[in-house]
Each structure stands twice: as C-alpha cells, then as structure tokens.
Amino acid sequence: MTEAGSKLFCNCKANYRGMEPNTNVCPVCIGLPGALPVVNRKSVELALAASLAFSCSTPEYIVFTRKHYFYPDLPKNYQISMYERAGGVPICRGGRVRYLDIHAWEWKECRLRRINIEEDPGKTVYGEGGILRSAEAYVDYNRSGVPLLEIITEPDLGSAREARQLVEYVLLVLEYLGVTNPRLEGAFRVDANVSVEGGERVEVKNIGSTLDVERAINYEIMRQSAILSSGGKVERETRHWDAERGSTRPLRQKEQEEDYLYFPDPDLPPIFLREMVDRARSLAALNDPSALFAQVVELGVSKEMAWSLVTTRPALELFLQSVKRGADPQLSARLIAVDYKGELREKNRDPYDPSSWPATEYVTELVRLVKEGVYTYDAVKGIVLPKLAENPMVDLKSVLPQRAENLDSIIDEVLKREERAVKDYLSGKAQAMNYLVGAVIKATGKKALDPRAIREAIEKRLGRGS
Amino acid sequence: MKSREAWQELEKIREGRDVVGHVEEVLARVEKWEGEVKAYISLEIPELLRQRGEELERRLRKGEKVGKLAGLLVSVKDNICTTALPTTAGSRMLDGYVSPYNATVVERLLAEDAIVIGKTNLDEFAMGSTTELSAFWPTRNPWDLTRVPGGSSGGSASSLAYGGADLSLGSDTGGSARLPAAYTATVGLKPTYGLVSRYGLIPYGNSLEQISPMARSVRDVALLLEVIGGWDARDATSLRVGSPVFSLEPAEARGQKICLVKEMVEGAEEPVEKLFWNVVEKLSSEGAELEEVRIPVLSKALPTYYTIAFAEAASNLARYAGIFYPSKGSSGIWEEYVGEARAKGFGREVKRRILMGVYALSEGFRDEFYVAATRVRRAIRDEVLKLTRRCIIAAQASPILPPRIGERLDDPLKLYYMDMYTVVANLAGVPALVQPIGFSHGLPVGIQWIAGPLEEQKLISLGLLVESLTGLAGVMVD
Ligand SMILES: [Zn+2]
C-alpha cells in the first residue's frame, strides 16, 4: 500500500523510496523494547475498500495476528499479519476477482481465499558476491512496517497468461482505489503456486513484475512437465525466481508446514469496521475499472481503445471530462488513447502523470475543429499532438496549423500565378497538384501547414473537391 | 518502625522547605540501606539529584507554578524505559541498553516535576515472584534481610520500605506489584487494564499487565495514579478516559459490601489467615456487610494465567537476537549467532518460560493450551465482573509470609503458586489494591481488595478506611 501515507503501525512514511538507509525508522517499526504498534486507520480503510471491490465477506471487526519467524530484517522476529484461526480475523475471507482477458475480450473469474493486512519486513542488502558469497549483509529498515495487502487466490487459474492478466487487473483495481502505485519499485511481489498434473505444488517466490509472472509460471510449467515426462517426481518445495536468468532455483524443501506460532497480537485490540464501511463502499463503487470500461464502451468506443483509456487513469479522466463537455466520444478516444498516448511514449513522458496531459478544453477544441472540418484528423495528429506532448501547457493557438481563411487569398494568388500547373492538373497530370501545394506552402512563408488540407482547399477551388 | 508519606513531604516542600534537604534525607536512607538491600540496578548521580532540587527551589522561590510531584523522588522499575538511565529489565540481554525514548509514564512524572532517583531491580523480564531471578543480584527485604521482598517489582517495594524513594513505579502482570507490597508493608495498586499507558514498558504478558503505582500509603498511591493514568495515543490498548482524580475521603464501613471469595481466601498459611480475618471482622463489626461466595472456575486461574503469560512472553522475547541489543553471538552462521546471543543473554527461568510459551502456541497444541486458556480467561472475567457489580472482593495477597532467600528457587511450581491470589485481577482486567494489615513475627502481611473496571476510587476509599483501622500508613524500617 504505497499510498497509505504512513507505515502500518507508526508515523514513518509508507513510501520509503530514495531515502538514506535507516532514516525512515522509529522505536515502533524497529521493534524496540516497550514500543507499541498503533494502527494507521487509512491502511485499514484502503484494505477494506479493496475487500469490498473484490466482493469479500467483510467481518464486523478485524484482529491482527503475530506470525513468528527469525530473520535479520524482521526486527521483532515476528510479523504483525493476519490469520483466520487461533482468534485472528482477517479483513477478507472469500471474495472473487472478475478480470478482463484482453485477448478474448471476456471477463473471467478467480476466487479469493483471503486478504490480509500485514507489515513489510526491512530489506537485506548483500555485499559483493550476493547472498551466496558475500561476507557481509546489510539491513535497511526503511521498509520495515510498511503496510502490505496480501491477496491469496484459490487455485482457479489455468495458464500463465491468465495469472498475469489477473495480477494486472488486481493492480489496476488497487491503483484506482488509491491503495498503491504499481509502478513504484517494489510496490508489489507475487508468489505463484504452480502444479502440473501428476506432481506436487511448487511455490515460486520473488516475482516482481507482471511480465515475470507469465515468464516464471511458464518456466515452471516447462520444468515440471519435463521432470514428469522423463519419469521423475515433482516434490513440494519453494523456489526462487531469478529474473535475470529467467529461471527458478530451489529455496527450501517444504517437508512440513513451518510453525509460525500464530496468535492474536495482544497490543492491538479488535478494530471494528462499521464506521469505515460506508466510505469504503463508495470508494470502491466510484473507482471500479470494470464499470468505467463498460461506460466507455457504451459510448461507442472500441474495446481496445476503452481498455487503453482505463489502464491509464489520467487518460480516462481526460476522456470522460471531454465527452461530458460535448466532445465526440470516438474521436476523443482515438486522440487520447491512441495518438496522444503514442506521442507520450515516443517522447518518454509518463502517461500516468496527469501533468503529461493537456487540459480538457484543448481536447474538446481539437475534436470540434476536426469534426467541423476545419482541420483533418491527420493534421491534428501530425502537427498538434507532438507539440502538445512536448508541452501540454503550450498555448493551443500557437501550435494550430494556419487557419484556412488566410489560405484562401494565398491559394487564389498562387493559382493565378501558376496558370500552367493548373492547366496541367486539370488536364489530368496529378503530379501538378504536388507542385501547387508546395507553391502554396512556400507562399505562406513555410509555416506549419497540413498539406492534405491545402490540397483539399485547392481541389475545392478548382471545382474538383468533394 | 518509622512513618513517612510522600504527600506530607510534598506539603512541606510547598510550604517552603528546601527540596535539596529532602533529597539529602532520601539519599541518607539509600546510604544506610542500599548496600545490603540492593534495591537499585542503577542510581542517578547524587549531584544531579541535588541540582534538580536546587532548580525546583529556584522556581518555588520565584513563585512559579510547579508540578503535582515537585521534588518527590520516584524509583522506577527497570523494565520501564528511560533515556537518562539504562533500562535492563533485569537481564544480561539488555545489560547496558539505553532506551532512546522515555515511557509515557516517565514523561508524565517528569512533566509533574518528579525526580527519578534510580531504576529498581526485578526478576529478569519481570518473570518471577521473589526478585531473586534478576540476572544481577537478588534484592533483600528490608524488614528481614534474609528474606525476599517478593517480585517481580521487589526492587521498587524495597526502595520504598527503607525510605529510598517517596514513590515508585512497578509493573504487575500477575501480582508483580501487589505481592512485593504485601511482603514489604507497602501499598501497590494494579490499575484497570488500559488505565495506564504501557508505552515504554518492556512487555512480559501484554494482555495482563499494567504499570502500577507503589508507595507507602493509599493516599500516595492515589497521587501517583492521578499523574500516570489516562489515555495515551501511543498505546492502542489504553482506555479513552482522562486522568483520574480521586477523592481522599475514607469509605464508611457501614453500607460497604464485601465479598469473600472462598477460592481467594482459603489456602493461606496460618499467620496470614489470622491477620486477614482480623481486618475483615473489624470491618464487619463496624457495619460492613460480608458475603461468602464461591467461583469454582478460579481453580483454573493459575494455569490459565501462566499459559497466556508464557505464550505472550515467548513472542515478546523473540526480538532479542543479537542485532540491536547488548548480548551478541560470535558465529558467522546466522542461526548459531542468534542461538549464542540468546543462550548467553537469557537466564534459566526466562528460557523455561519461552519454551513453555512456544509449546502452548505451537501447531497441534495451540487449541489445547493457548486457545483453551483464553476461553477459561473469559469465563473467569465474566464471573469476576458479575461479582464486582455488587461488592468489593476481599482476598489474600499471598498464601505465605515472605520466604527466605533461596527457599523457593529450586521448584518452579512452588514459585508459581505464590501468585495464586493475585492473577485473578490480571485475568479479569480489573483493579486491585494490596495494603499492609499487620506483622507476623516481624514480617509484613497484606490484604487484597478487588473492584470492577475503573473503580479505583472504591479501592482507594476502602484502603483509606482500612489504614485508619490498622494505623499502617507510611511505615518503613528505621
Ligand atoms: Zn516507524
């Protein structure tokens, strides 16, 4: 939950990125003797909104649980987490994610088992040689205590691609709810449990991107299938995904479940959710990507473009605002989701940053100009959008091609002067038009002009246009 | 036997008596007794104490407003975090550890111009009932130096009993403030769970314990609780109540309803029994109404208490792994390193309790032990709450007189048995007061009163009444 503001149980920052090691810490998040955790209510509200978004049955109250294991980056040697037994009550039980398969354009469903709110451990950094060879390990507790949502699905996924699409969709929902910014480094991690018929379940840890979800699972399926088809056995184990090598390697054999000594954290009384439910419910309802997607498609926009809008929230906002102010939906969608977004990508600008996008009036004005035939779409795309993408705040007038009115007299003049070319053109020599267009552009003083618009204007003048 | 109450000292200071003089008086007591009693693990430098006294004198002379505890010397149990002095929790694990922050209660003491004189000895991590299990040394009972002062707040109790502090902060997980009070003729009040912030108390059994005011009289205990009580945003288990304000009017015996719970009255050795009934009968003859009741589920109180306390303790102590804290390992292999740091840092009893706590929480046993204990605990709480709605419970404080040093150490069951009357209030989360009622063969005997949640006032009023009957307010050794 990168957007939770503070850590789960203290006032240190939830977003620790870019800080000097061990500067985002306090007695609570490094677990000093006597320090006590106090829940950051925003984290609970966000988690509750997520639970509601995924149709969980939410309890009347939640109870945090201590989960014990010894590790240097876990300062208390227990993690405050959630568990459904021994008196613990997680924020969500059951529930489901309806996610979009963007290849078949159909909605699929994956059941959820549970959602937990828990604290992140610190980070261990190894010296030269990495985890295996380095003599030193350094621990940075800046991350220690940052709120995490642990979302556990049922085994409902049939392929690596489905898994990736599920993860992408879940991240989209969480982003819309303001829970996380999935593009921040380390904003999410995925553990994938993969089993191939005839073998045991293998857990793959340390998957850090949605692309790697697909890669890691496909690798595991191949690896396990190869073992099985050569007569071997796939044992239950935990493996580590190595993104650089594109392979998994064994982490530990799981002969038996580890004993985490779960019990409710006596420092944290039950937290009743009643007061938070209404707000969380409306937060979830107002920020549902599937509803927004349906709304855009309803306006006659293609599914591809609608998805492109929904997956880039500032684009979607701009689109919805523009349409609200009367802009043509299809044209707006094309301009925003396809061509402007493409320009941003080309210029390496962040499409998720609202300041990369122009004001709504710019979009409504451009769409109107195209719609009224003042400019062709290509002119806007080829001339206006690149400049806007460079500076969305630029005065729109200054980047518009010369207006057609000014052109009329220039065209008249050129046609009068270039009698021969006109004659050639009228007698069927098509190349003569290119010459005439060039002459007009030259006569205007080489200002940014749309050649196609000039061509159309000339044709109109000569009685050939439509 | 001498008598000195803190509130009297406070009045003298306000009337213009020099604070440094008071500091010197207390330091003289320390000089006389501390060498033998060993109540303190660390003492503030005397010169600094005098300076604090001078500073307060200056402020008083200028007519400035001073705090409610101005010039009083308070000893603080060494499991309560202070920045000025180390906090060891009586363990090698924390030998030399200095907390970077003050516990909320310490902040509140300082805000009221109290002077922290030192940190008192305790059984390691408050696990014990005699203060012999301190990793450093046993503390002796000033009334009989061959005997223990009770525990785990034995250092606090002894510091009061010999006059080495005006007031003291103890902690009470299963009787740790009340048992020492009974053994040293001092007063200990375990507040309602959540009335006093635990922020800065090194935890033993989080769901059971409270920092507890200790003093030589009921009035002094009330004074201290007024300062440390009330909601603290840093403790999620603290109750949303303001600082308590107490009336110092003793209760009337007439109309007082006292319930004698058989399970908490019977089973004490004879001299203890005798003094207990003396007081109860005196109250009755003055008009108090007595009622005998049974709460059969209390026969399970001790195992229930220890199961929960050990489970919580095992978890709390996991953090001591040689990274942040003084006890270190030497191995280059992580698991071995942690093992070394813990083997060296923890004492026998602490290890025993960790093992039992882990056992009570482990998969396959958790339901039978930890979960079952929480269920019995609820039943006990319900019974106690039902009773405290109509009466104050009278109970023994300890089944025995203060044992001799070494007497109880070999048999942990005998040690645990000392808490049989006190754990009930912790399991139920209700307030309980122990105050002296007499001496047997020169050894102090106390009585325990238990009221409903946030009914500290009732305990204080009754305690003041009992003091007026026994005349035992402010007593300390010569
Ligand atoms: Zn912190």
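Residues numbered from 1 in each chain as written. Chains lettered and ligands numbered in written order. Predicted model: local features only at pLDDT ≥ 70, side-chain atom pairs only at ≥ 80, totals over all residues. Heavy atoms only, no water.

Mind showing me how you'd approach the overall build of chain A here?
A tally of helices and strands in chain A yields 16 helices and 15 strands. Classification of the 466 residues of chain A by burial places 51% in the buried group. In chain A, the proportion of contacts linking residues at least 24 apart, taken out of those at least 6 apart, comes to 66%. For chain A, the exposed area adds up to about 22700 Å²; of that, 48% sits on carbon and sulfur atoms. Side chains of chain A carry 65 positive and 67 negative charges; the gap between the two charge centres is 4 Å. (Helix = DSSP H or I, 4+ residues; strand = E, 2+ residues; numbered from the N terminus. Buried < 20%, exposed > 50% of the residue type's maximum accessible area, 1.4 Å probe, protein only. Contact = heavy atoms within 4.5 Å. Areas by Shrake-Rupley, 256 points an atom, 1.4 Å probe, with all protein chains shown as cover. Lys, Arg positive; Asp, Glu negative; His and termini not counted. Charge placed at Lys NZ, Arg CZ, Asp CG, Glu CD.)

Explain the interface of chain A and chain B to me, please; I cannot follow it from the model alone.
Put simply, an interface is often sized by how much accessible area is lost when its parts join up. Opposite the 33 residues of chain A that make contact, chain B presents 39 residues. Taken together, both faces of the contact between chain A and chain B bury some 2800 Å²; the carbon and sulfur share is 61%. For the pair chain A and chain B, the number of links is two salt bridges. For Asp267 of chain A, the salt bridge goes to Arg198 of chain B, with nearest N and O atoms at 3.0 Å. Taken together, the connections running from chain A to chain B amount to 16 residue pairs in polar contact (both at pLDDT 80 or more). Breaking the side of chain A that touches chain B down by element, the ones donating at least two residues are strand 2 (65-68) and strand 14 (263-264) of chain A. Partitioned by chemical class, the residues of the side of chain A that touches chain B number 24 nonpolar, four polar and five charged. (Buried area = accessible area lost by both parts, 1.4 Å probe. Salt bridge = Lys/Arg side-chain N within 4 Å of Asp/Glu carboxyl O. Polar contact = N/O pair within 3.5 Å; in protein donor to acceptor, adjacent residues only side chain to side chain. Nonpolar A, V, L, I, M, F, W, Y, C, P; charged D, E, K, R; others polar.)

Hey, could you run me through the coordination of the zinc ion in this one?
Ideal geometry at a metal centre: 109.5 degrees between donors when four sit tetrahedrally, and 90 or 180 degrees when six sit octahedrally. Distances from the zinc ion to its protein donors, namely Cys10 of chain A (SG), Cys12 of chain A (SG), Cys26 of chain A (SG) and Cys29 of chain A (SG), fall within the range 2.3 to 2.4 Å. Coordination at the zinc ion comes from four donor atoms whose angles at the metal span 105 to 113°, giving a geometry best classed as tetrahedral. (Donors = N, O, S within 2.8 Å, 3.2 Å for Na, K, Ca; no water. Tetrahedral: all angles 85-135°; square planar, octahedral: opposite > 155°, others 65-115°.)

Explain the sheet that holds strand 10 (residues 392-396) of chain B here, please?
Two pairing modes exist for strands in a sheet, parallel and antiparallel, and in both the strands are linked by backbone hydrogen bonds. All names here are of chain B. With respect to topology, eleven strands assemble into an open sheet ordered 2-4-3-5-7-6-11-12-10-8-9, the strand pairing being mixed. Each edge of the open sheet carries a strand with a single partner, namely strand 2 (40-43) and strand 9 (289-293). Within this sheet the neighbouring strands show an average axis-to-axis angle of 30°, counted without direction. Inspection of the sheet shows strand 10 paired to strand 12 (residues 443-450) by four bridges, in the antiparallel sense. Residue Ala395 lies in a different strand from strand 12, and its bridge partner there is Gln448. The strands touched by helix 3 (residues 46-61) within the sheet are strand 3 (73-77) and strand 4 (115-120), with strand 4 carrying the most contacts at an inclination of about 155°. (Pairing = 2+ DSSP bridges. Axes fitted to C-alpha atoms, helices over the stretch in contact; angles between N-to-C directions.)

Looking at this structure, I do not really get the packing of aromatic side chains. What am I missing?
Geometrically, a pair of aromatic rings is defined through the distance of the ring centres and the angle of the planes. The full count for this structure, using the stated rule, is 30 aromatic pairs over all chains. One aromatic cluster is present, formed by Tyr141 of chain A together with Tyr97, Phe125, Tyr320, Phe324, Tyr325 and Phe346 of chain B through successive ring pairs. In this structure, Lys67 of chain A is placed above the aromatic ring of Tyr260 of chain A, and the distance from its NZ or CZ to the ring centre is 4.5 Å. In this structure, Arg334 of chain A packs its charged tip against the face of Tyr377 of chain A, placed 3.9 Å from the ring centre. (Phe/Tyr/Trp six-rings, centres within 6.5 Å; stacked < 30°, edge-to-face > 60°. Lys NZ or Arg CZ within 6 Å of the ring centre and 35° of its normal.)

How should I be thinking about the pattern of salt bridges in this particular structure?
Any two side chains of opposite charge can pair, given that their charged atoms come close. Following the criterion strictly, the structure yields 61 salt bridges over all chains and no others. In this structure, Glu363 of chain B engages Arg85 of chain A in a salt bridge whose closest nitrogen and oxygen atoms are separated by 3.5 Å. Pair noted here: Glu363 of chain B is in the loop between helix 12 (348-361) and helix 13 (367-388) and Arg85 of chain A is in the loop between strand 3 (78-81) and strand 4 (92-93), and the two residues belong to different chains. One network of salt bridges, with partners in common, ties together Arg66, Asp265 and Asp267 of chain A together with Arg198 and Asp235 of chain B.

Even after reading the chapter, I still don't get helix 13 of chain B, so can you show me in this structure?
Helical periodicity: at 3.6 residues per turn, an α-helix aligns residues three or four positions apart in one direction. All names here are of chain B. With 22 residues, helix 13 extends 30 Å from end C-alpha to end C-alpha; this agrees with the ideal 32 Å at 1.5 Å per step. Along helix 13, the sharpest kink reaches roughly 25°, centred on Ala373. Turning to helix 13, its buried residues number three or more, namely Tyr370, Val371, Ala373, Thr374, Val376, Arg377, Ile380, Val384, Leu387 and Thr388. (Expected span 1.5 Å × (residues − 1). Bend = angle between axes of the 7 residues up to and from the residue.)

What's the story with the pairing of strand 11 (residues 432-440) of chain B in this structure? I'm lost.
Looking along a regular strand, one sees the side chains alternate between the two faces of the sheet. All names here are of chain B. Counting buried residues along strand 11, eight of its nine residues qualify, which places the element largely inside the surrounding structure. Summarising the sheet, strand 6 (residues 187-190) and strand 11 pair through three bridges and their orientation is antiparallel. When the bridges of strand 11 are listed, Gly188 appears paired with Val434. Of the pairings in the sheet, the one linking strand 11 to strand 12 comprises eight bridges and is antiparallel in character. Counterpart to Gln435 in the pairing with strand 12 is Ile447.

Can you help me understand helix 1 (residues 41-53) of chain A in this one?
All names here are of chain A. With 13 residues, helix 1 extends 18 Å between its outermost C-alpha atoms, agreeing within 8% with the 18 Å of an ideal straight helix rising 1.5 Å per residue. By the burial criterion, the buried members of helix 1 are Ser43, Val44, Leu46, Ala47, Leu48, Ala49, Ala50, Ser51 and Leu52. Looking at the buried residues of helix 1, the elements they touch are strand 1 (61-62), strand 4, strand 6 (106-119), strand 9 (147-153), helix 3 (160-177) and helix 5 (274-286). The first or second residue beyond helix 1 is Ser55, which carries a positive phi of 55°.

When you look at unusual backbone geometry in this model, what are you seeing that I'm missing?
Only a minority of non-glycine residues have a phi that is not negative, and only a minority of peptide bonds are not trans. Cis geometry marks the peptide bond from Gly151 of chain B to Ser152 of chain B, where omega comes out at 5°. Secondary-structure assignment places Ser152 of chain B in the loop between strand 4 and helix 5 (154-161). Phi is positive for Ala86 of chain A, close to 60°, though the residue is something other than glycine. In this fold, Ala86 of chain A is placed in the loop between strand 3 and strand 4.

Explain empty space enclosed by the protein to me, please; I cannot follow it from the model alone.
Summary: where empty space remains is shown by rolling a probe the size of a single water molecule over the atoms. Residues and elements named next belong to chain A. All told, the structure shown has six cavities of 30 Å³ or more when counted by the stated rule. A volume near 120 Å³ is recorded for the largest cavity. Lining the largest cavity we find 18 residues, and of these Val28, Leu36, Pro37, Lys76 and Ile80 sit closest to its centre. Here the lining of the largest cavity is built from residues that sort into eleven nonpolar, two polar and five charged. (1 Å grid on protein atoms, 1.4 Å probe; cavity = no way out; pocket = protein on both sides within 12 Å on 5 of 7 lines; lining within 4 Å. Points joined across faces, edges and corners; volume = space filled by probe spheres on them.)

I'm lost on the packing of helix 9 (residues 329-346) of chain A against helix 10 (residues 360-371) of chain A in this one. Help?
Relative placement of two packed helices is described by the angle separating their axes and the distance separating the axes. Residues and elements named next belong to chain A. Orientation of helix 9 relative to helix 10, taken along the N-to-C sense of each, is 120°, at an axis distance of 10 Å. In terms of their interaxial angle, helix 9 and helix 10 are classed as oblique. Remark: the crossing between helix 9 and helix 10 carries right-handed chirality. Counting all contacts with helix 9, which are made through Leu331, Ser332, Leu335 and Ile336, the residues of helix 10 involved are Val363, Leu366, Val367, Val370 and Lys371. (Parallel < 35°, antiparallel > 145°, perpendicular 65-115°, else oblique. Left-handed = near helix turned anticlockwise from the far one by under 90°.)

I would appreciate a short explanation of the domain arrangement of chain A in the present structure.
Residues and elements named next belong to chain A. Assigned domains within chain A: domain 1 (94-260), domain 2 (288-399) and domain 3 (407-461). Each of domain 1 and domain 2 was reduced to a C-alpha centroid, and the two centroids are 35 Å apart. The interface is formed by ten residues belonging to domain 1 together with 13 residues belonging to domain 2. Summed over both sides, the interface of domain 1 with domain 2 buries roughly 1200 Å², with 72% coming from carbon and sulfur. Applying the counting criterion to the domain 1 and domain 2 interface returns zero salt bridges. Between domain 1 and domain 2 we count four residue pairs in polar contact (both at pLDDT 80 or more) in total. Of the residues forming the side of domain 1 that touches domain 2, the biggest block, five residues, is contributed by helix 3. Partitioned by chemical class, the residues of the side of domain 1 that touches domain 2 number eight nonpolar, no polar and two charged. (Domains from an automatic or database assignment.)

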